Amino acid sequence: MTLHIIKLCVGVDSIDQLAKWQQARLAQNQRLHGVGEIWHTTRMTPKRQPEVLDGGSLYWVIKGLVMVRQRIVGFDDGAKEDGTPCCLIKFDPELVPVRPVPRKPFQGWRYLTAEDAPDDLNPGAVQDDVARMPARMRRELAELGLL
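Colleague: Explain the pattern of salt bridges residue by residue, including any values.
Modeller: One pass over the full model with this rule turns up six salt bridges. Put simply, arginine 71 and aspartate 92 hold a salt bridge, and the shortest N to O gap is 3.1 Å. You can see arginine 71 sitting in strand S4 (residues 65-79) and its partner aspartate 92 sitting in the loop between strand S5 (85-91) and strand S6 (96-102), a full 21 residues away along the chain. Salt bridges here are not isolated pairs; linked through shared partners, they connect Glu37, Asp76 and Lys90.

Here it is as structure tokens:
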């Protein structure tokens, strides 16, 4: 059974800003480590890795709304810049916008069941008017509780 992870995306205001930050990090990882991968460091290692690796994604909460997800492709042991051991959550670089859902702040990360995960937005679908809305409008409508 697929299991996801949800995490706050601190310091980012939009999906576009997250994409730009990750592109810069990808280039930095390539330059410093010789690896074309993107990852997020976390102190706590997920114990349910097999379920997450069975098609799970990390859902990013941006400014109080679940806005986008990235497929998780692996986990690894790592170290933060100060040498502290950590877990690396490795991602597919594709950012997939999801139907905005309000989410209150929390520390660290949490598991998210497939049933509770927001649906992907599909701008090509005739019935998905939300996907065709500008991102700012989606955000404002979600903040008002109208999506």
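Colleague: Any details on the pairing of S4? Residues and values, ideally.
Modeller: Bridge analysis of strand S3 (residues 57-62) against S4 gives six bridges, and the strand direction is antiparallel. If you follow leucine 58 over to S4, its bridge partner there is glutamine 70. Where S3 hands over to S4, the hairpin turn is made up of two residues, of which lysine 63 adopts a positive phi near 55°. Alignment of S4 against S6, held across four bridges, turns out to be antiparallel. From the neighbouring strand, valine 66 faces S6, where its bridge partner is valine 101. Relative to S5, S4 runs antiparallel, the two sharing seven bridges. Directly across from glycine 78, in S5, lies its bridge partner cysteine 86. Linking S4 to S5, which pair antiparallel, is a turn of five residues; within it glycine 83 sits at a positive phi near 95°.

Colleague: A description of the side chain of asparagine 29 should follow, citing residues and the corresponding values.
Modeller: Checked against the element boundaries, asparagine 29 lands in helix H1 (residues 15-33). For asparagine 29, the residues in contact, after removing those within four places along its chain, are Gly34, Val35, Glu37, Ile38 and Trp39.

Colleague: Could you give an account of the nonpolar core, with specific residues and numbers?
Modeller: As a rule of thumb, nonpolar side chains are buried together in soluble globular proteins. Counting residues in hydrophobic clusters, the biggest one holds 22 residues, and the most contacted among them are Trp60, Ile62 and Ile72. Elements supplying a minimum of two residues to this core: strand S1 (3-8), H1, S3, S4 and S5. Here this core takes five residues from S4, the largest share from any one element. Contact partners of isoleucine 62, with chain neighbours within four places excluded, come to Cys9, Val12, Asp13, Ser14, Ile15, Met67, Val68 and Arg139.

Colleague: Describe the packing of aromatic side chains, with residues and values.
Modeller: Scanning the model with the defined rule gives two aromatic pairs in all. Look at tryptophan 109 and tyrosine 111: their rings are 5.0 Å apart centre to centre, the planes differ by 75°, and that puts the pair in the edge-to-face class. Classification of tryptophan 109 as buried rests on a relative accessible area of 14%. Over the ring of tyrosine 111 we find arginine 48, and its NZ or CZ is 5.2 Å from the ring centre.

Colleague: So what about the environment of glycine 64? Which residues, and what values?
Modeller: Counting through the fold element by element, glycine 64 comes out in the loop between S3 and S4. In this structure glycine 64 comes out as partly exposed when scored by relative accessible area, which is 32%. In sequence terms glycine 64 and threonine 42 are 22 residues apart; their C-alpha atoms lie 20 Å from each other. Setting aside its immediate chain neighbours within four residues, glycine 64 contacts Val101, Pro102 and Arg103.

What counts and how
- Residues numbered from 1 in each chain as written.
- Predicted model: local features only at pLDDT ≥ 70, side-chain atom pairs only at ≥ 80, totals over all residues.
- Heavy atoms only, no water.
- Salt bridge = Lys/Arg side-chain N within 4 Å of Asp/Glu carboxyl O.
- Helix = DSSP H or I, 4+ residues; strand = E, 2+ residues; numbered from the N terminus.
- Pairing = 2+ DSSP bridges.
- Contact = heavy atoms within 4.5 Å.
- Core = buried A, V, L, I, M, F, W, Y, C linked by side-chain atoms within 4.5 Å.
- Buried < 20%, exposed > 50% of the residue type's maximum accessible area, 1.4 Å probe, protein only.
- Phe/Tyr/Trp six-rings, centres within 6.5 Å; stacked < 30°, edge-to-face > 60°.
- Lys NZ or Arg CZ within 6 Å of the ring centre and 35° of its normal.

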